[in-house]
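Take a look at the letters that make up each chain.
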Amino acid sequence: MQRYPSDLEVTAQDFADCGWQSILADTAEAGYEPLWRAFSKAAELAVEAKMNGPGKALWLLADACAMRLLSSPDNRQQPFASTITHLGWRTAGPDDFIEADLDFFAQVVRSTDNSWLKARLADLLWVRKYKSNDTKAICMALDAIDNYQRIPINTEILQNDWQACWERAITLVKMLGKGAADKLNETRQPLLYALHTVTKSEGWLAWKVSDLLQWVGLEMEQSAEVANKLATLARDYDTDTEQVQIMTAGRLFRHAAIWFGIADDKAEAAAMTVQVAECYVREGRSRIQTPHPSYGAAASFYEQAIQTYRTISRQQRQALCIEVRITALRKQMDEAGEKSLGDLGGIPFPEVDFREQMVWASQAVQNKTLTEALQAFSRIVLTPFKYQDLWQQIVAQLKQPSLMHIFPVTVLAENGRVIARIPCLDTNADLVDEANRARVFWEMTRMYRAWLNFYVNAFIWPALGSLLLEHRLREADLIELASRSPIVPIGRERLFGKALFAGFNHDFVTALHLLVPQVENMVRYHLKHAGARTTHLDEHGVQTENGISTLIDQPEAEKVFGKDLVFEIKALYCTAMGPNLRNKLAHGLLNDTDCQSIEAIYAWWLGLRLVCHAFWNAARTR
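Scope of this entry: the structure provided in the associated data block. Just so we're clear, the structure is a prediction, and the values are computed from it rather than from any experiment.

### Description of the overall build of the protein chain
Along its length, the protein chain carries 28 helices and eight strands. At 28 Å, the protein chain has a C-alpha radius of gyration in line with the 25 Å of a compact globule built from 622 residues. With the principal axes as the frame, the protein chain shows a C-alpha extent of 90 × 65 × 60 Å. Out of the 622 residues in the protein chain, the part that is buried amounts to 52%. Counting 66 positive and 75 negative side-chain charges, the protein chain places the averaged centre of each group 4 Å from the other.

Next up, the structure:
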């Protein structure tokens, strides 16, 4: 439906007549989404009343407020994007505004004293209308900075809004360089004030401000002050037993460790890292000390505690008795892992036809909180893939071979190259013999790909669409999820989070290119810590890292990951008999269609499942 005539010109007078001031005054909530709703509703009423000029002015303001701010460090030149995209429809994006719209914004930007609105219009003009070295452009950037910095830092405003605004202010300051030298300190001081006034009830606010301060940068003395404030705040949670409060303490100790490191106080940084590890231990115990204990979750937290202890330098470990503590935690983790076998289960579902399964999958993630929906989605394929079940099914087939089994198989690439040859079934040898190993694996891989096709189409894809209709995920949410998953190596949380976020945006090209190398590194990381040899030393003394195909064939792989996951990694990433995602991606052989295939979507979902669940601990125990 057309909102207003396409050739309608809007003027500053239309802005003056549209009642924007009363709309702002009547909007109780702070943030861009409330402004978007308020301006949209007023625009509809104005157009219905045949006030087309003021109506268009309101629609333009609504569209400007409808956009979301992207993570500023990664989107310096284009910080805006549509908030909602679904089935070909989306809310306004930065490129939707034509030159006449931008001229209108330029006329009215100085007329408003609302920080949210003025910052948005000024920033949009800086991005779209003016050249970056133009005097008007610099004025718009400075206006945006000033107004972003007026956005209050408190718990009454959605974190997504105030944090994104302050991130954008810092980005603009850094982009302007010498032209905004005084703005850096103007940005630093309110952040320091906000941090030092945080109380225990607002603990999460402290680490968000800490993130911003790390980006701005502080002198060594100020860094020590920040570290002590965070450490003091974290210790306020020492006697708390609630999981959220323990998690908050752990995050605060982690940030304190970072700031002590910046202040070059290595001893205190190590002491804070110990506290981070012990918070994971407390979280693990809290999952057991409930009416319905989750030993799998406890094992995951103990694993994270061990990983955290390993980040402490060798010089500090002896003084802090780290190795003794790691040994004790390994025992606790193994005990919890053994008990966690009883935790495993899937989402029950009725025996229904294909269409009903799609409906069921959609409903399985509906009317839930985001956490519950993600949990259901990560388990949406019902019981996880089982290697033993597939192997038994293939063996049963091959014991009564058909005509197709007595002929060899030649696998061709898209360009006709022979990429694999699978011998015929040797009926004179046992199915477990080496002579039939390749053929059995080929048949298992073929059946596995058929299984993927069914589950992606019947469960994963419908559930994903349903989840996205009810929830808006942020990249920061997925990075946070990855940072708390024991399977994600320390330092790779952001890359895992970005990969998962891309998949939720249906950008499987980006998801695959980020996820595949991180899965390989994940395999290498955990095998190395399990004592496996992950490098190759050649005759010249040159040591190189082994690739995932070699790593996953290590005898330690099944002990660490279990047979099920080892097979899935092989079938998805490492063999020409399957999609061979790792090798094709590494050699540039994946095209756009390949990156959005059934196997690519499943690989992304499997990555989400690995991050979300601690079942790999149980698999390792098995």
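So much for the structure itself; the text now carries on.
### Looking at the environment of Phe104
Structurally, Phe104 can be placed in helix α5 (residues 99-108). The sequence separation of Phe104 and Arg254 amounts to 150 residues, and the corresponding C-alpha distance is 47 Å. Leaving out residues up to four positions away in the same chain, Phe104 has contacts with Val10, Thr11, Phe15, Ala57 and Leu60.

### Points about the pattern of salt bridges
Per the stated rule, a full pass over the model turns up 26 salt bridges. Here Lys129 ties to Asp103 by a salt bridge, and the two come within 2.5 Å at their closest N and O atoms. Separated by 26 residues along the polypeptide, Lys129 in the loop between α6 (115-128) and α7 (135-148) and Asp103 in helix α5 bring together distant segments of the chain. Asp103 gets classed as partly exposed once you look at its relative accessible area, which sits at 31%. Each of the salt bridges in this network shares a partner with another, and the network as a whole consists of Glu29, Glu33, Arg37 and Arg472.

### Examining the packing of aromatic side chains
Under the definition given, this model contains 22 aromatic pairs. Geometrically, the ring pair formed by Phe15 and Trp20 is stacked, given 4.9 Å between the ring centres and 15° between the ring planes. When the centroid spacing of 4.6 Å and the interplanar angle of 45° are considered together, the rings of Trp451 and Tyr455 count as tilted. Pair noted here: Trp451 and Tyr455 are both in helix α20 (residues 437-470), with a separation of four residues, about one helical turn. In this structure an aromatic cluster arises from ring pairing among Trp360, Tyr387, Phe441, Tyr448, Trp451, Phe454, Tyr455, Phe459, Phe567, Tyr602 and Trp605. Of note, Lys200 hangs over the ring of Tyr237, and the distance from its end group to the ring centre comes to 5.2 Å.

### Quick notes on the nonpolar core
One finds Phe39, Phe105, Tyr148, Leu191 and Leu213 to be the most contacted residues of the largest nonpolar core, which totals 112 residues. In this view, Phe39 contacts Trp20, Ile23, Leu24, Leu58, Leu61, Ala62, Cys65 and Leu117; residues no more than four positions away in its chain are not counted. In terms of nonpolar packing, the next biggest core, distinct from the first, is built from 85 residues, Leu431, Trp442, Val566 and Cys574 among them.

### Structural notes on the state of the cysteines
Under the criterion given, the structure shown has zero disulfides. Free cysteine: Cys65, not disulfide-bonded; nearest cysteine sulfur from Cys165 at 11 Å. Judged by its relative accessible area of 1%, Cys65 is buried. Looking at Cys574, it has no disulfide partner, and the nearest cysteine sulfur is the one in Cys595, 17 Å off. For Cys574, a relative accessible area of 15% translates into the label buried.

### Notes on helix α16 (residues 322-339)
Spanning 18 residues, α16 covers 26 Å between terminal C-alpha atoms, matching the ideal 26 Å at 1.5 Å per step. The set of residues buried in α16 consists of Ile322, Ile326, Leu329, Met333, Ala336 and Gly337. All buried residues of α16 project into a common sector of 100° when viewed along the axis, lining one side. Among the exposed residues of α16, those oriented more than 90 degrees off its buried face are Val324, Thr327, Lys331 and Glu338.

### Details of the packing of helix α3 (residues 32-48) against helix α4 (residues 52-66)
As a packed pair, α3 and α4 sit with axes 8 Å apart at the nearest point and diverge in direction by 160°. Compared by their axis directions, α3 and α4 come out roughly antiparallel. With respect to the hand of their crossing, α3 and α4 are arranged in left-handed fashion. In contact with Tyr32, Leu35, Trp36, Phe39, Ser40, Ala42, Ala43, Glu44, Ala46 and Val47 of α3, α4 contributes Asn52, Gly55, Leu58, Trp59, Leu61, Ala62, Cys65 and Ala66.

### As for the side chain of Arg251
Within the element layout of this structure, Arg251 appears in helix α12 (residues 243-262). A residue is classified by how much of its surface remains accessible, and Arg251, at 13% relative accessible area, is buried. Sequence-distant contacts of Arg251, that is, excluding residues within four places in its chain, are made with Trp207 and Glu480.

### Concerning the packing of α4 against α5
Where α4 meets α5, the axes come as close as 11 Å, and the angle between the chain directions of the two elements is 90°. By the angle between their directions, the pair α4 and α5 is classed as roughly perpendicular. Across from Lys56, Ala57, Leu60, Leu61 and Ala64 in α4, the residues of α5 making contact are Asp101, Phe104 and Phe105. Looking at the contact of α4 with α5, its residues break down into six nonpolar, no polar and two charged.

### Quick notes on the environment of His506
Relative to the helices and strands, His506 resides in the loop between α22 (493-504) and α23 (508-529). With 95 residues separating them in the primary sequence, His506 and Ile601 have C-alpha atoms 9.0 Å apart.

### Thoughts on helix α19 (residues 387-398)
An ideal rise of 1.5 Å per residue puts 16 Å on 12 residues; α19 measures up with 16 Å between its terminal C-alpha atoms. Looking only at α19, the buried set comprises Tyr387, Leu390, Ile394, Val395 and Leu398. Taken down its axis, α19 places every buried residue within 130° of arc, on the same side. Contacts from the buried residues of α19 go to α20 and α25 (556-574).

### Re unusual backbone geometry
The phi dihedral of Asn367 falls on the positive side, at around 55°, and the residue is not glycine. Summarising the element assignment, Asn367 is placed in the loop between α17 (354-364) and α18 (370-377). Here the phi dihedral of Asn580 falls at roughly 55°; this positive angle occurs in a residue that is not glycine. The topology assignment puts Asn580 in the loop between α25 and α26 (581-586).

Basis of the calculations
Residues numbered from 1 in each chain as written. Predicted model: local features only at pLDDT ≥ 70, side-chain atom pairs only at ≥ 80, totals over all residues. Heavy atoms only, no water. Helix = DSSP H or I, 4+ residues; strand = E, 2+ residues; numbered from the N terminus. Rg over C-alpha atoms; globule rule 2.2 N^0.38 Å. Buried < 20%, exposed > 50% of the residue type's maximum accessible area, 1.4 Å probe, protein only. Lys, Arg positive; Asp, Glu negative; His and termini not counted. Charge placed at Lys NZ, Arg CZ, Asp CG, Glu CD. Contact = heavy atoms within 4.5 Å. Salt bridge = Lys/Arg side-chain N within 4 Å of Asp/Glu carboxyl O. Phe/Tyr/Trp six-rings, centres within 6.5 Å; stacked < 30°, edge-to-face > 60°. Lys NZ or Arg CZ within 6 Å of the ring centre and 35° of its normal. Core = buried A, V, L, I, M, F, W, Y, C linked by side-chain atoms within 4.5 Å. Disulfide = S-S within 2.5 Å. Expected span 1.5 Å × (residues − 1). Arc of directions from axis to C-beta. Axes fitted to C-alpha atoms, helices over the stretch in contact; angles between N-to-C directions. Parallel < 35°, antiparallel > 145°, perpendicular 65-115°, else oblique. Left-handed = near helix turned anticlockwise from the far one by under 90°. Nonpolar A, V, L, I, M, F, W, Y, C, P; charged D, E, K, R; others polar.

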